[in-house]
Amino acid sequence: MTFFLEIYFERAKIHELQIEKGKNGSAKVTSLSCLATIRDVTVTNHNGGLFGLAVSVFKQGVSDNVRHMLQTIICKKVRKYIDEDANEKLAEAQTSSKLGDALETNALKMISVGGDEKSRIDVASIFDSSLASKFFIDFRLKEHPICHENTVELASWGEISYMGQGDTPFGPVDASWPGKSPFKANVVDSVTSKDSMIELVVSDFLPNSLLYHAYVQRFIKVLLTPRTKGVASFLRTTCEGSFCISDLAPQLAEQYPNSTVELAMSATRAPAVLFSEKNGGTISISMGGLVVVFAVNGNHRRQVIVVDLDVVADARLSIQGHNVSGSVELRKFELKRRTGTVDISDAEIDDIALLVSQLAENLLNGLLVNGMPLPLPHVLRIKDSHINVLSRRMHIQVDVDVDERRLSKLASQTFFKTPQFSDVNLSKFRETIVISGSL
């Protein structure tokens, strides 16, 4: 005895979904209603004998009962996947990430000062590598998502702290969307009203939280030695035909001839970043530090001078393609002699500060002239972008193309390797059920 069921699926549709902040700060999705539609179930008798004849007589009733049963099973399966399995995956997703994982490793590229290979400096090697591995950015949701027609607003903490411990003693002053600032009623402070696929508002709390914790943990320090690529020829007291530190301070060559020099800089206060609207949008950076100069000859290393450093810089940024580019102006660069065995006058210190500020400004602009690559997921390609620096926040607008093949592969690897999609054994039913159409 054999009989067949031909089932024509139309769709399974979730009519309503609710998205909210979960207990650990990740997003949580809940299905509120579901409707599965099976257009038709046809019962066909084939050599079924008397039982098959009975099935043929009552096939409409059998068809209706099977259709309702399958529709209920499909919706139950889909809702269980959304309410349980998908949320389990969302809860497993990291709500914080290492700073090094959040940024592409090539974000700080090799930059050229002077143009030749010997003057190329690996910027990333100057700073403490622990900044990337021991500092975490907090992606947890601050509040429940806000859903509009075709858009969803998500607000994350955006705090960067040592080992993800938090406890920053200050918070964002203003992280509102352009035109909705509580400090400027009825004023649209964005230069563009263009709707974009992705819009971000980044408060200056994000860089300031990083800089505060980096200062507290004593990570804001730079050590330049002859082993630092690109500066070996500069850190010598005897210049040998090339520009070196003795051109700035000839007293070094007189008191410590044929020696190398090491420069150690550490912050004396937490650097501060301020986003403002002046001059069409400016990022101002203020930092105070201490610079110690050592003269090294063989195994002898001697501290020769200590100076205080005070810097204020203004930067303007733009997005060109996949790169962030811009320019930097050092508005203040002051050196003040504190102690030392080398006799240098205040006037000579001022001259050194002027020359070093010009070198530093050229160095920073050399980094930004060609741009630094944006750390974007490989499934996205930028079509159009815009940066607008506002009061205490930055508004970023991006239109993207999505690599659907990569995204589909990523989604299947992340979400669909679950029991909901792998524990169903249809082999027993394939002998009796023919499925046509699509779900």
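All of these numbers come straight from a predicted model, not from anything done at the bench.

Novice: Mind laying out the pattern of salt bridges, listing which residues take part and the relevant values?
Specialist: Evaluation of the coordinates by the stated rule reveals 10 salt bridges. In this structure, Asp401 engages Lys383 in a salt bridge whose closest nitrogen and oxygen atoms are separated by 3.9 Å. On the criterion of sequence distance, the pair formed by Asp401 in strand β19 (residues 393-402) and Lys383 in strand β18 (residues 380-390) is long-range, its members being 18 residues apart. Among the ionic contacts, a cluster of salt bridges with common partners joins Arg269, Asp310 and Lys332.

Novice: Before we move on, could you go through the nonpolar core and cite the residues and values that matter?
Specialist: Judged by nonpolar contacts, the single largest core of 56 residues is most densely connected at Phe135, Val304, Leu309 and Leu335. Broken down by element, the residue count for this core peaks at eight residues, all from strand β15 (residues 300-320). Formed jointly, this core draws a minimum of three residues from each of two domains, domain 2 (95-219 + 371-402) and domain 3 (221-369). Among residues more than four places away in sequence, those in contact with Leu335 are Val307, Asp308, Leu309, Ile349, Asp350, Ile352 and Ala353. Counting residues in hydrophobic clusters, the runner-up holds seven residues, among them Ala36, Ile38, Val66 and Leu70.

Novice: Describe the pairing of strand β6 (residues 135-138), with residues and values.
Specialist: Residues Phe135 and Ile137 of β6 are buried on one face, and the alternating residues Phe136 and Asp138, pointing to the opposite face, are buried as well. Bridge count for strand β3 (residues 96-98) against β6 is three bridges, and the pairing is antiparallel. Directly across from Lys98, in β6, lies its bridge partner Phe136. Bridge analysis of β6 against strand β9 (residues 160-162) gives three bridges, and the strand direction is antiparallel. The partner of Phe135 across the bridge, within β9, is Tyr162.

Novice: Quick rundown of the packing of aromatic side chains? Include the residues and the values.
Specialist: Per the stated rule, a full pass over the model turns up six aromatic pairs. These aromatic residues form a ring-pair network of at least three members: Phe135, Tyr162 and Phe219. Here Lys142 stacks its cationic end above the ring of Trp157, 5.4 Å away from the centre of that ring. One residue, Arg301, lies across the ring of Phe294, its end atom 3.7 Å from the ring centre.

Novice: So what about the environment of Gln71? Which residues, and what values?
Specialist: Summarising the element assignment, Gln71 is placed in helix α2 (residues 59-92). Along the backbone, Gln71 and Ile38 are 33 residues apart, and their C-alpha atoms lie at a distance of 6.7 Å. In this view, Gln71 contacts Ala36, Thr37 and Ile38; residues no more than four positions away in its chain are not counted.

Novice: Go over the sheet that holds β6, please, and point to the residues and values.
Specialist: The three strands are arranged β3-β6-β9 in an open sheet whose pairing can be described as antiparallel. Looking along the sheet, the strands with just one partner apiece sit at the ends: β3 and β9. Direction aside, neighbouring strands of the sheet carry axes that sit 35° apart on average. Running over the sheet, helix α6 (residues 205-216) touches β6 and β9 and is turned about 15° from β9.

Procedures and definitions
- Residues numbered from 1 in each chain as written.
- Predicted model: local features only at pLDDT ≥ 70, side-chain atom pairs only at ≥ 80, totals over all residues.
- Heavy atoms only, no water.
- Salt bridge = Lys/Arg side-chain N within 4 Å of Asp/Glu carboxyl O.
- Helix = DSSP H or I, 4+ residues; strand = E, 2+ residues; numbered from the N terminus.
- Core = buried A, V, L, I, M, F, W, Y, C linked by side-chain atoms within 4.5 Å.
- Buried < 20%, exposed > 50% of the residue type's maximum accessible area, 1.4 Å probe, protein only.
- Domains from an automatic or database assignment.
- Contact = heavy atoms within 4.5 Å.
- Pairing = 2+ DSSP bridges.
- Phe/Tyr/Trp six-rings, centres within 6.5 Å; stacked < 30°, edge-to-face > 60°.
- Lys NZ or Arg CZ within 6 Å of the ring centre and 35° of its normal.
- Axes fitted to C-alpha atoms, helices over the stretch in contact; angles between N-to-C directions.

Geometry only, nothing functional implied.
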